[in-house]
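Here is what each chain is made of, one letter per residue.
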Amino acid sequence: MSAILSVDDLNDFISPGVACIKPIETLPTAAPAASDANPSNEFEVILDGQQPEAKSNAPPAEISLTDCLACSGCVTSAEAVLVSLQSHNEVLNMLDSAPALKLVGPGADGKYSVEGLENSDGKLYVASVSPQSRASLAAACGNGVTEQQASRMIEQLFLGEQGLARGGKWGNKFTWVVDTNTARETTLVLGSDEVLGGSIAPSDRAATPVLTASCPGWVCYAEKTHPYVLPHLSRVKSPQALMGTLLKTSLSRILNISPDRIWHLAVMPCFDKKLEASREELTDAVWAGDGKPGRGVRDVDCVITSKEILMLAASRGLDFFGLPASAPPQTPRFPDPSIHDFLFRPGHRQQSREAGTSGGNMHFILRHLQAKNPGSQIQTVPGRNADVVEYKVVAKSGEVMFKAARYYGFRNIQNLVRKLKPAKASRMPGGKPFGSAKRPAGKGNGLDYGYVEVMACPGGCTNGGGQIKVDDPVVVDRKGLAVKPGPLEQKEWQKEVDEAYFSGGEPDSGAQDDSSDPDVDGISPSHIRNVLTHWSTLTGIKLERLAYTSYREVVSDVGKEKKMTDTERVVQLAGKIGGGW
């Protein structure tokens, strides 16, 4: 998103500004007479700030967040190339490019080795799958299929002999499929320590109020339009990025192979996660090098969405809904026992309804603080709509210990960033600050929250743009709908996805290592800190580099003079392995 789009009109759908390059299609209600036909009126494109003649029959343009982030006026040519490469076709191309690397071991010495390294194109394939994607696919299956059953179907697709391996040039399949819930729980502990001042809080802590930074659409918006909120963004990596860093650093160190020989696929509910995977800050050139952008190995090589899982299966001639929901074939043990137990914990954790559908960042902080203060209570204060809620942790004495809030959807995010906007100094001698940030004396930023959970999608991550929708042909066919579904049907469909997301067994108690830091919803902070310490020791890289990230202001070049042709620019920038926003 860039300044070419009016912030004042910001909503979940955004009207284009004068320089927006998205074509506006105008369809007449009736076929015009031959004498009145004007082929120049078929499409209208606004370029270089030129204003076209007004047309009374032109409907209002609607630009979704996906349109906005994918617009070449806002996303660089290099990023456009990188995002276009992240698709189900890219997955198939990689699988068919060369025989996969094979894990061998453990040997008599307990060590593992890798076969096939002589072929420079061979890769070790690993996939991570989000619970929101599993819930979307479970709802599409229908007949009461749970998220856990959908997870097994995905594992059959990636790991089974009758999955992607069938029909492939080399019969390649993935070595492991991991659950991003593991990385999610890790980011919850990291985020809580960052906000509450725990033992592994980063040295460069975010300013108060700390804002969630696991939603790439929100981060992209902040970097491009409101750089003054960047100091407030949480430094903790998203679950997607953290899982990629964990897999590539540990495997490359244990197996003594280059991290670019490990190919990590992430299945996510959001198209914007493709942009996140292309961030320069999420390459080893930044977090493991000198901290400066440059060529490097990405933590996540490819991101596909829930919808693209169905396309991936169909491309191999498979019916995803026909895959068995039984236990998948046995996979090799992860070559480090501690990380294996961490990634492949037995059982299935049920998501907490109170935590919401976006990972539960804020809920964990509230519950963690409550667990440390026996007798305290969490109070909820409804906001102006369902996507704005305030929370308080109140001590036994009645004192308010901590305040937090949830802001979902860009309509609400706009109000949030306006409150964070710093006051403008008056140009008049002795004048008072003015503008939208004008506040009473003694108030810093107009918000007294300690933490705000921010997500771009109304309703949270189960409603991501990459999720299967009720009007998708596959759902219409499976439900036998005679009429195209509308907003009401989508709302009911969303309830089915949410129910699948919350399906599963009871939360397990986790591994308790330190009674001074009690479990929170079955998650043991002390156990996770121990695993993080082990990971840092194993790789020889400081935890602050592995688990945290940074942000930077992005200045749009829309309307500026080009020093080279578009073709030359794409060729030059597409060679970058990393890519920023």
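Residues numbered from 1 in each chain as written. Predicted model: local features only at pLDDT ≥ 70, side-chain atom pairs only at ≥ 80, totals over all residues. Heavy atoms only, no water.

Q: Would you explain the overall build of the protein chain in this entry?
A: Assigned secondary structure in the protein chain consists of 19 helices and 13 strands. Burial status across the protein chain gives 50% buried among its 581 residues. Contacts spanning at least 24 positions in sequence make up 73% of the contacts within the protein chain whose residues lie at least 6 apart. Summed over all atoms, the accessible surface of the protein chain reaches about 26,600 Å², with 52% contributed by carbon and sulfur. (Helix = DSSP H or I, 4+ residues; strand = E, 2+ residues; numbered from the N terminus. Buried < 20%, exposed > 50% of the residue type's maximum accessible area, 1.4 Å probe, protein only. Contact = heavy atoms within 4.5 Å. Areas by Shrake-Rupley, 256 points an atom, 1.4 Å probe, with all protein chains shown as cover.)

Q: Teacher, can you tell me more about the pattern of salt bridges here?
A: Side chains that differ in charge, positive against negative, can pair when their charged atoms come close. Under the defined criterion, the tally for this structure stands at 24 salt bridges. Of the charged contacts, one joins Asp179 and Arg134 as a salt bridge, the two residues approaching to 3.0 Å between their closest N and O atoms. One end of the pair, Asp179, is in strand β6 (residues 176–179); the other, Arg134, is in helix α4 (residues 131–141), with 45 residues separating them in the sequence. Residue Asp179 is classed as partly exposed on the basis of its relative accessible area of 23%. Residue class for Arg134 comes out buried when judged on its relative accessible area of 2%. Linking Lys173 and Glu161 is a salt bridge whose minimum nitrogen-to-oxygen distance equals 2.6 Å. (Salt bridge = Lys/Arg side-chain N within 4 Å of Asp/Glu carboxyl O.)

Q: What should I look at first to understand the packing of helix α6 (residues 181–196) against helix α17 (residues 525–539) in this one?
A: Pairs of packed helices are described in terms of their axes, by the angle between the two and the distance that separates them. The interhelical angle for the contact between α6 and α17, taken along N-to-C directions, is 100 degrees, at an axis separation of 10 Å. Regarding the angle of α6 to α17, the classification is roughly perpendicular. Taken together, the residues of α17 that come into contact with α6 (itself represented by Glu185, Thr186, Val189, Leu190 and Asp193) are Pro525, Ile528, Arg529 and Leu532. Class assignment for the residues of the contact of α6 with α17 results in 5 nonpolar, 1 polar and 3 charged. (Axes fitted to C-alpha atoms, helices over the stretch in contact; angles between N-to-C directions. Parallel < 35°, antiparallel > 145°, perpendicular 65-115°, else oblique. Nonpolar A, V, L, I, M, F, W, Y, C, P; charged D, E, K, R; others polar.)

Q: Looking at this structure, how should I read the packing of aromatic side chains?
A: The description of an aromatic ring pair uses the distance of the two centres, along with the angle that the planes make with each other. Within this structure, the stated rule accounts for 8 aromatic pairs. Relative to Phe334, the ring of Trp176 has its centre 5.2 Å away and its plane inclined at 50 degrees; by these criteria the two rings are tilted. Within this pair, whereas Trp176 is found in strand β6, its partner Phe334 is found in the loop between α11 (306–315) and α12 (337–343), the two being separated by 158 residues in sequence. Summarising the burial analysis for this pair, Trp176 and Phe334 share the class buried. Where Tyr221 meets Phe410, the ring centres are 5.0 Å apart and the plane angle is 90 degrees; that geometry is what we call edge-to-face. With a gap of 189 residues between them, Tyr221 in helix α7 (residues 216–225) and Phe410 in helix α14 (residues 410–420) connect regions that are remote in the sequence. By the burial criterion, Tyr221 is buried, and Phe410 matches it. Cluster of aromatic residues (ring-pair linked, three or more members): Tyr125, Phe158, Phe174 and Trp263. The ring of Phe321 has Arg478 lying over it, and the distance from NZ or CZ to the ring centre is 3.9 Å. (Phe/Tyr/Trp six-rings, centres within 6.5 Å; stacked < 30°, edge-to-face > 60°. Lys NZ or Arg CZ within 6 Å of the ring centre and 35° of its normal.)

Q: How should I be thinking about the sheet that holds strand β12 (residues 400–408) in this particular structure?
A: Whether parallel or antiparallel, the strands of a sheet pair through hydrogen bonds between backbone atoms. Here we have 5 strands laid out as an open sheet, ordered β7-β13-β12-β11-β10, and mixed in their pairing. Strands with a single pairing partner mark the edges of an open sheet, and in this sheet they are β7 (210–211) and β10 (377–382). In this fold α14 packs onto β7, β11 (388–394), β12 and β13 (451–455), with an angle of close to 130 degrees to the strand it touches most, β12. (Pairing = 2+ DSSP bridges.)

Q: Sorry if this is basic, but what is going on with the pairing of β12 here?
A: Regular strands show a simple pattern: their side chains alternate between the two faces of the sheet. Pairing between β11 and β12: 7 bridges, direction antiparallel. By the bridge assignment for β12, Val393 is matched with Phe402. In terms of strand pairing, β12 meets β13 through 5 bridges, oriented parallel. Its bridge partner lying in β13, Tyr407 is registered against Val454.

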